[in-house]
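Single-letter residue listing:
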Amino acid sequence: MRTTAVLGLLVLLCAVAVGSAFGAVTTGSASFKGDKGIELTFSVPVDDAWAKKPENLVVYEKPDPDIRISPASIAVAPNRTKVTLTFKDALNTAGEYVVEAKDVSSEGKVVGSTEFLVKKGHFQVLFGLFLGASLIANYVFTKFLGLCIFFGVSQKKDTAVGMGATFTLVMVLSAVFCWALFTYVLTPLHLDFLQIIVFIGTVAIFVQFADTVLRKVNPYLFKKLGVYLVLIVTNCIILAVPLENVLKKHGAAESLIFALGAGLGFALALFLMACVREKLEVCRVPAVFKGLPIAFVVAGLFALAFLGFSGLVIF
Amino acid sequence: MGRNTTLLWNGLIPENPIFRLALSMCPAVAVTTTVANGFFLGVAVIFVQVMSSATVSIFKKLIHPRIRIPAYVLVIATWVSVIDMVLPVVSLETYKNVELFVKLIVVFAIIISRLELFASKEPFVPSVVDGFGMGVGFTFGLCLTGAIRELLGSGTLLAGTRYVIDLAANPFLVSLGVQPLLVMILPAGGFFVIGFIMATFNWVEYKITGKIPASGGGH
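Keep in mind the model is a prediction, meaning the values are calculated, not measured.

Caption draft 1: Quick look at the pairing of strand β6 (residues 82–86) of chain A. All names here are of chain A. Residues of β6 alternate between two faces, with Val83 and Leu85 buried on one and Lys82, Thr84 and Thr86 left unburied on the opposite face. Here strand β2 (residues 37–42) runs beside β6; their pairing, made up of 5 bridges, is antiparallel. When the sheet's bridge partners are listed, Leu40 is paired in β6 with Val83. Summarising the sheet, strand β5 (residues 73–76) and β6 pair through 4 bridges and their orientation is antiparallel. Paired with Val76 across the strands is Val83, a residue of β6. Taken together, β5 and the strand that follows it, β6, pair antiparallel across an intervening segment of 5 residues, in which Arg80 is found at a positive phi of about 65°.

Caption draft 2: Expanded view of the interface of chain A and chain B. The interface is formed by 38 residues belonging to chain A together with 36 residues belonging to chain B. Counting only elements with at least two residues in the side of chain A that touches chain B, the list comes to α4 (147–152), α6 (195–217), α8 (227–231), α9 (236–247) and α11 (292–306) of chain A. Top element by residues in the side of chain A that touches chain B is α11 of chain A. It accounts for 9 residues.

Caption draft 3: Examining the nonpolar core more closely. Counting 122 residues, the largest nonpolar core has Leu239 and Leu270 of chain A together with Ile76, Ile105 and Val106 of chain B as its most contacted members. A total of 12 residues in this core trace back to one element, the largest contributor, which is helix α10 (residues 252–280) of chain A. Discounting residues that sit within four places of it in the chain, Ile105 of chain B has contacts with Ala44, Val45, Val48, Val80 and Ile111 of chain B. In terms of nonpolar packing, the next biggest core, distinct from the first, is built from 18 residues, Ala30, Leu40, Ala51 and Leu85 of chain A among them.

Caption draft 4: Structural view of the environment of Ala147 of chain B. Position of Ala147 of chain B among the secondary structure elements: in helix α7 (residues 124–153). Beyond its immediate chain neighbours, meaning those up to four positions away, Ala147 of chain B contacts Val35 and Leu157 of chain B.

Caption draft 5: Structural detail: the sheet that holds strand β1 (residues 28–33) of chain A. Residue and element names in this part refer to chain A. Read across the open sheet, the 4 strands follow the order β1-β2-β6-β5; overall the sheet is antiparallel. This sheet does not close on itself; its edge strands, each paired only once, are β1 and β5. Between one strand and the next, the sheet's axes are offset by a mean angle of 20°, whatever the strand orientation.

Caption draft 6: Up close: the sheet that holds strand β7 (residues 96–101) of chain A. Residue and element names in this part refer to chain A. The strand order across the open sheet formed by 4 strands is β4-β3-β7-β10, and the pairing between neighbours is antiparallel. Both outer strands of the open sheet, β4 (68–69) and β10 (114–119), are each paired with one neighbouring strand and no more. Direction of pairing for strand β3 (residues 57–61) relative to β4: antiparallel, over a ladder of 2 bridges. Of the residues in β4, the one forming a bridge with Val59 is Ile69.

Caption draft 7: Focus on the pairing of β3 of chain A. Residue and element names in this part refer to chain A. Pairing geometry for β3 and β7, over 5 bridges, is antiparallel. For Val59, the partnering residue across the bridge sits in β7 and is Val99. In textbook terms, the turn of a hairpin is the stretch between consecutive antiparallel strands, and for β3 and β4 this stretch comprises 6 residues.

Caption draft 8: The confidence of the model for chain A, seen in detail. Predicted confidence across chain A gives a mean pLDDT of 80, with 90% of residues reaching 70 or more. Below a pLDDT of 50 lies the segment residues 17–25 of chain A, which in the model reaches 6 contacts outside its immediate sequence neighbourhood of four places, other chains included.

Caption draft 9: Representation of α7 of chain B within the structure. End to end, α7 of chain B covers 43 Å across 30 residues, agreeing with the expected 44 Å (1.5 Å per residue, within 8%). A positive phi of about 75° marks Gly155 of chain B, the residue just after α7 of chain B.

Caption draft 10: Quick look at helix α5 (residues 92–103) of chain B. For α5 of chain B, the complete set of buried residues consists of Thr94, Val98, Phe101, Val102 and Lys103 of chain B. Buried residues in α5 of chain B, looked at end-on, bunch into an arc of 145°, giving them a common side. Facing away from the buried surface of α5 of chain B by more than 90 degrees, the exposed residues are Leu92, Glu93 and Lys96 of chain B. Elements in contact with the buried residues of α5 of chain B: α6 and α9 of chain A together with α2 (25–30), α3 (35–59) and α4 (68–90) of chain B.

Procedures and definitions
Residue indices begin from 1 for each chain and proceed along its sequence in written order. All chains are assigned letters beginning at A, and all ligands numbers beginning at 1, according to the order in which they are written. Thresholds applied to this predicted model are a pLDDT of at least 70 for local features of residues and 80 or more for the giving and counting of side-chain atom pairs; totals over whole chains, interfaces and linings are not thresholded and use all residues. Working definition of burial: number of other C-beta atoms within 10 Å of the residue's own, with buried at 20 or more, exposed at 12 or fewer, and partly exposed in between, all C-beta atoms being placed from the backbone. Where helices and strands are cited, they refer to DSSP runs of H or I of at least four residues and of E of at least two residues respectively, numbered from the N terminus. A pair of strands is treated as paired once DSSP finds two or more bridges between them. C-beta atoms are placed from the backbone for every residue, and two residues are taken to be in contact when these atoms lie within 7 Å. By convention the nonpolar core is taken to be a set of buried residues drawn from Ala, Val, Leu, Ile, Met, Phe, Trp, Tyr and Cys and joined through C-beta atoms within 7 Å. Lines are fitted to the C-alpha atoms to define the axes, a helix being fitted only along its stretch in contact, and any angle between axes, read from their N-to-C directions, falls within 0 to 180 degrees. How sure the predictor is of each residue is captured by pLDDT, a score from 0 to 100. One less than the number of residues in a helix, times 1.5 Å, gives the span that helix is expected to have. Picture the helix axis, draw a direction to every C-beta atom, and the arc is the one those directions span.

Okay, structure coming up:
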């Protein structure tokens, strides 16, 4: 009797030990797959029947544990360590998701529960922002901001490049400065409604700064840009970027990268347009279309081409 | 025609901000996917232009010429902040469509150029009339572009209001196989339509005066 009891206890202990050992190895990693999928990688092969039950895998956004998101379909890879969840709507890939795997079953045995944290790396988020601002949602061709300078300075390639560089510099400096002002001065004092006035003032200061520096450093370019250098103040993009940074709650690094992307995207648009307009000078354009009207039609064709970037996802 | 009538007419056609002066093109392309959006933004611009012109023409003796640009920007920004708080109360739905552009009225070149060229030199009444004329011309430009794009792009007119005309559902047109041109409500359509309207303006002027006008400065 006593021997049996001891033996039973031993078996039980072993089972618990083995069970907890298994439980420890059911961890794994998780990542986004496209913008509608999450891919889970388990350290042990899991059972098909277990994975296909939606109630075993609980998915929610990290800030709202109460709002459960149920996958539209679940697929298990042939080696049974990879499980792919696909959702009906696009996920917020800039945010963080939690996947709770309950009672993971491997080879017919329950090996414990585990939890996955799904998020993009910081670098991936920043790179996505950069691509979005420069190509996918190019400010000139898909949001039509900054058209005044775009049509005004795109007649010659060298002025276009100079303008692009100056503009990017002013944009990055003022966007970061506006972000800091908004976060550390306006928000604590509850003065959000002053954002337009404060931002435009900041931009004006930096344009004055660029004006002063360029006058000494590169008088040739300064003369070429003429009135358009001062007109950077009245360029929509330069005010839209700080406003969007605030609207989308970007952090410091994100604001900087977003402004850099928008600035370089503008420079790219300016350069492309200058290339075409130099050629247009020697073309036979119908008299009533000469000048701005034909420039608008060309910009329309560019806008069509830039539509090709929509839906571009690299990570 | 009295002077005030001339000023009003001037803003509407001969110096139309969008098609002739080519100022403030950004909103003209961006918000004109429907007439309602264009009209909504146009009204906001009329308000800001009239109020800023009035303010500057009253205080023109107090503004030192050397700091006039920052002063103008601050005046405009103040009136934009006011209209930015009023519009959501009028129609939240339309406001959401044009929200970014209402804030961006601060940097619309047309407003500051009217302050610099007109309101800073002229008395109160002509300044207000000139501001109103320019605002109405701007609204006219937005509505015309919006009407063409909406009609061709989605087959409706005045969508989003209670007077909506829906051609896309017209059984006769549907039976002919007529379909809306998607490209017109895409970004590219805005550029095309404005380019063609500008060319039409040039053509009309050519027919009347017999010479091709020099194209706008482009800012």
